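# Inside the fold
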Amino acid sequence: MSVYRDEIDGLRAVAVIPVILYHTGLTKFMAGGYIGVDIFFVISGYLITSVIENEREEEKFSIVHFYERRCRRILPALFLILFTSSFFAYYWMLPAQLEEFGQSLISIIGLSSNIFFWWKDDGYFTELTELNPLIHTWSLAVEEQFYFLFPLICYFSGKRQRFLIIVLILLAVLSFFFAQWGGNIESISKHHFYLFSQHSWASFYLPLGRAWELLLGSFAAFYLRKNNTVQSTWYKCNELFALIGFVLIIISIVFFDSRYVPPFPNCYTLIPTLGATLIILCGTNSTLVGKLLSIRLLRWVGLISYSAYLWHQPILAFTRLKAYDTSQILPMLIIISIVVLLSGLSYVLIEQPFRNKTRFSRKQIFFGAFISAMFTFILAVFLIQTATNRSLLDSKKSDPYLSDLRKYGHWQYVVQAFDALQKQKTFSNKTSVTMKKLILIGDSFAQDFYNMAAEGKHLTNYEIRVYFIYSRCQIYLGPEDRKQFIEVKHHRACTNTYDIKYALPLIRQANVIILASNWYEWSAQRLPMTLKLLNLTERQQAFVIGPKHFGKVYPMVYVSKSTEYRLKQYQYPKIEVIKINNLLEQTIDKETFVNLQKMICTGYNQTCPLFTRDGKLISHDGAHLTKYGARYVGNIIFKNRPLNKL
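As recorded in an unreviewed UniProt entry, the protein chain goes by Acyltransferase and comes from Rotaria magnacalcarata.

Following this line, the structure appears as structure tokens:
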């Protein structure tokens, strides 16, 4: 059978368009746009298996030829992106960012960028990934790691196709098991079985949990070869199942919000991947779905989809590094236009020529790949060394912005003092009348609060103890099981831990109880009940610190800017934070609730300053405070009611 099908190129377009729009910021209508990568995995498995089986049937299959084809397909456009991105990284990135970029380059040529990002634990769905121009190469690494083993398994299975299929089925089942339930193996001593419990080796970035997706495409290829052609099935069945497949993909794209769906891959991933598989099996060009996917425009987008996927993330990341909001309609349209233009040029000028065997021989391809990889490695080392040199130079400059950012503008600063105090599990036996006891409970916003007190030397007449509760688990006491409100992917972490009930012994001893959290709507609504069930005495005082957000902050933008320029920078906070603060203000006593957001964001239309009055950055990520931000915010809230009583 012919491997090429018009509708497969259309399916590629259906995969790449949501990914690009999702990363651009259009998440309101495409909350699950990231599932396009899963569709790509299925398509890739189908196409590669079809090619291998064709060659095996004709007894022409060669491992060397297989990798030559992969090099022609993947490397030319990839190296173009790496070299272009390196140019902009050199001029636009902070030293720390440039160093990580150089490390990313090394991991990419080592076909292990997915492992690098997993090790760095940047988090694919965090705001930090918006500034990472190479984060998307994780999926290429997954494919290449899979295709390092897959052709070998096919080769050594010889003509025993049934044996090959059985082996692949076992591998797919094992892969899915680790992605869905494998974490139970790691926690077997806890005697709990969790329906969603991903093994750490089968997480989002790693091939162990992704192999079954590629193998779904492989099984589709085996089925179609055995049945000779997709049109051998009853026509009406093809229509129905292709339509079901298309609907499954659309549902996934629209509704699979990463905030509410357990971490991919898992059983939810079956919905878009089975949808793609049904279209491959049944979506012939004689069906409605097949005809839709065979539209010339969609096929053209499918043809340039690889280049489009490569180009979109660097363009978005470098645009954001220059502080442009890509979620607005005009910037979004401009970026998409640039992506389409560059992708079309890459496809015509780079991809097609290198796939032509008459223009580039096998030796030229392999030699070119080797030279390009070596050059990339040298470039990466150069960028890492440049980052180190710039760090040394920045420390000597009169403007301390970068050195301040390096010392105090990151997670390590936010957590270090709080974590050190957390080792003190109980209050001391001090009986001094002047030394009162204070317990601070909460998440990273509680860590910020402790830094406010420490940097401004507030609460010095209190013996402070802290208790950490992840924001994913929330602070709650009440008759309802909080698991029903917590995202499924966090059930395991929030079971028998990170619960305020375990802080009750400290609460009973404390004179002052402070709850500081990135409150969710469900916990904010139930906070009056939580406070009531603490059963505080008249001698005890509770304070609730509202959530905060200062808008989108891109620290790189403000390097070498004047103090006057920095002082003019204001941003709109997240509307969700304002809503939660309004809710708490309405339901919590004014002598208890601290609306930090309202005290700080006093600009036009409740906009928030990004810098203190002496030009120091307040927040490095829009939510958490630098050292100077902690001092600035702390001085304001401790001078105003109700915290001025302390």
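Further remarks concern the packing of helix H19 (residues 444–455) against helix H27 (residues 627–637). Where H19 contacts H27, the two axes come as close as 8 Å, and the packing angle between them is 80°. Between H19 and H27, the crossing angle belongs to the class labelled roughly perpendicular. Residues Phe449, Asn451, Met452 and Glu455 of H19 pack against Lys627, Ala630, Arg631, Val633, Gly634 and Ile637 of H27. Class assignment for the residues of the contact of H19 with H27 results in five nonpolar, two polar and three charged.

Attention shifts here to empty space enclosed by the protein. The tally for this structure, following the rule as stated, stands at one cavity of 30 Å³ or more. If you add up the space inside the largest cavity, you get close to 40 Å³. As for the largest cavity, its lining consists of Phe445, Phe449, Met452, Ala516, Ser517, Ile545, Gly546, Lys548 and Leu596. If you tally residues by element for the lining of the largest cavity, the top one is H19, at three residues. A breakdown of the residues in the lining of the largest cavity according to their chemical character gives six nonpolar, two polar and one charged.

Turning next to the sheet that holds strand S1 (residues 436–442). Within the open sheet, the five strands sit side by side as S2-S1-S3-S4-S6. Their pairing is parallel. The two strands at the open ends of the sheet, each matched to only one other strand, are strand S2 (462–468) and strand S6 (593–594). Here strand S3 (residues 512–516) runs beside strand S4 (residues 541–545); their pairing, made up of five bridges, is parallel. Note on S4: the bridge partner recorded for valine 512 is glutamine 541. Sitting on the sheet, H19 is in contact with S1, S2, S3 and S4, with an inclination near 145° to S1.

Let's shift gears to the packing of aromatic side chains. Applying the stated criterion across every chain yields a total of 39 aromatic pairs. When the centroid spacing of 6.1 Å and the interplanar angle of 80° are considered together, the rings of phenylalanine 41 and tryptophan 138 count as edge-to-face. One end of the pair, phenylalanine 41, is in helix H2 (residues 36–57); the other, tryptophan 138, is in helix H6 (residues 138–156), with 97 residues separating them in the sequence. A centroid spacing of 5.4 Å and a plane angle of 90° characterise the contact between phenylalanine 87 and phenylalanine 88, whose relative ring orientation is edge-to-face. One aromatic cluster in this structure is built from Phe41, Phe116, Phe117, Trp119, Trp138, Phe204 and Tyr205. Positioned above the aromatic ring of phenylalanine 163, the side-chain terminus of arginine 160 is 4.9 Å from the ring centre. Its guanidinium or amino end placed over the ring of phenylalanine 445, lysine 548 lies 3.6 Å from that ring's centre, counting from NZ or CZ.

A few words on the pattern of salt bridges. Any two side chains of opposite charge can pair, on the condition that their charged atoms come close. Going through the model one piece at a time under the given rule, you end up with 22 salt bridges. Residue glutamate 68 is joined to arginine 362 by a salt bridge in which the shortest nitrogen-to-oxygen separation is 2.7 Å. Placement of glutamate 68 in helix H3 (residues 63–92) and of arginine 362 in helix H16 (residues 362–396) is noted, with a sequence separation of 294 residues between them. For arginine 362, a relative accessible area of 36% puts it in the partly exposed group. A salt bridge links glutamate 455 to arginine 631; the nearest nitrogen and oxygen atoms lie 3.6 Å apart. Of this pair, glutamate 455 sits in helix H19 while arginine 631 is found in helix H27, placing the two residues 176 residues apart along the sequence. In the salt-bridge network here, residues are joined through shared partners; they are Asp38, Arg210 and Glu213.

Looking now at the state of the cysteines. Evaluation of the coordinates by the stated rule reveals two disulfides. Between the sulfur atoms of cysteine 473 and its disulfide partner cysteine 494 the distance amounts to 2.0 Å. Its torsion about the S-S bond being -85°, the disulfide of cysteine 473 and cysteine 494 is classed as left-handed. On the criterion of sequence distance, the pair formed by cysteine 473 in the loop between S2 and helix H20 (491–494) and cysteine 494 in helix H20 is long-range, its members being 21 residues apart.

With that settled, the discussion passes to the domain arrangement of the protein chain. Domain parsing of the protein chain yields domain 1 (6–393) and domain 2 (410–638). Taking only C-alpha atoms, the centre of domain 1 and the centre of domain 2 are 39 Å apart.

A separate point is helix H4 (residues 95–109). End to end, H4 covers 22 Å across 15 residues, agreeing with the expected 21 Å (1.5 Å per residue, within 8%). In the segment just after H4, leucine 111 is the residue with positive phi, at about 55°.

This paragraph deals with the packing of helix H1 (residues 6–24) against helix H14 (residues 305–321). At a minimum axis separation of 10 Å, H1 and H14 run at an interaxial angle of 5°. The angle between the axes of H1 and H14 places the two elements in the roughly parallel class. Residues Arg12, Val16, Val19, Ile20, His23 and Thr24 of H1 pack against Ser305, Ala308, Tyr309, His312, Gln313, Leu316 and Arg320 of H14. By residue class, the composition of the contact of H1 with H14 is six nonpolar, five polar and two charged.

How each quantity is defined
Residues numbered from 1 in each chain as written. Predicted model: local features only at pLDDT ≥ 70, side-chain atom pairs only at ≥ 80, totals over all residues. Heavy atoms only, no water. Axes fitted to C-alpha atoms, helices over the stretch in contact; angles between N-to-C directions. Helix = DSSP H or I, 4+ residues; strand = E, 2+ residues; numbered from the N terminus. Parallel < 35°, antiparallel > 145°, perpendicular 65-115°, else oblique. Contact = heavy atoms within 4.5 Å. Nonpolar A, V, L, I, M, F, W, Y, C, P; charged D, E, K, R; others polar. 1 Å grid on protein atoms, 1.4 Å probe; cavity = no way out; pocket = protein on both sides within 12 Å on 5 of 7 lines; lining within 4 Å. Points joined across faces, edges and corners; volume = space filled by probe spheres on them. Pairing = 2+ DSSP bridges. Phe/Tyr/Trp six-rings, centres within 6.5 Å; stacked < 30°, edge-to-face > 60°. Lys NZ or Arg CZ within 6 Å of the ring centre and 35° of its normal. Salt bridge = Lys/Arg side-chain N within 4 Å of Asp/Glu carboxyl O. Buried < 20%, exposed > 50% of the residue type's maximum accessible area, 1.4 Å probe, protein only. Disulfide = S-S within 2.5 Å. Domains from an automatic or database assignment. Expected span 1.5 Å × (residues − 1).

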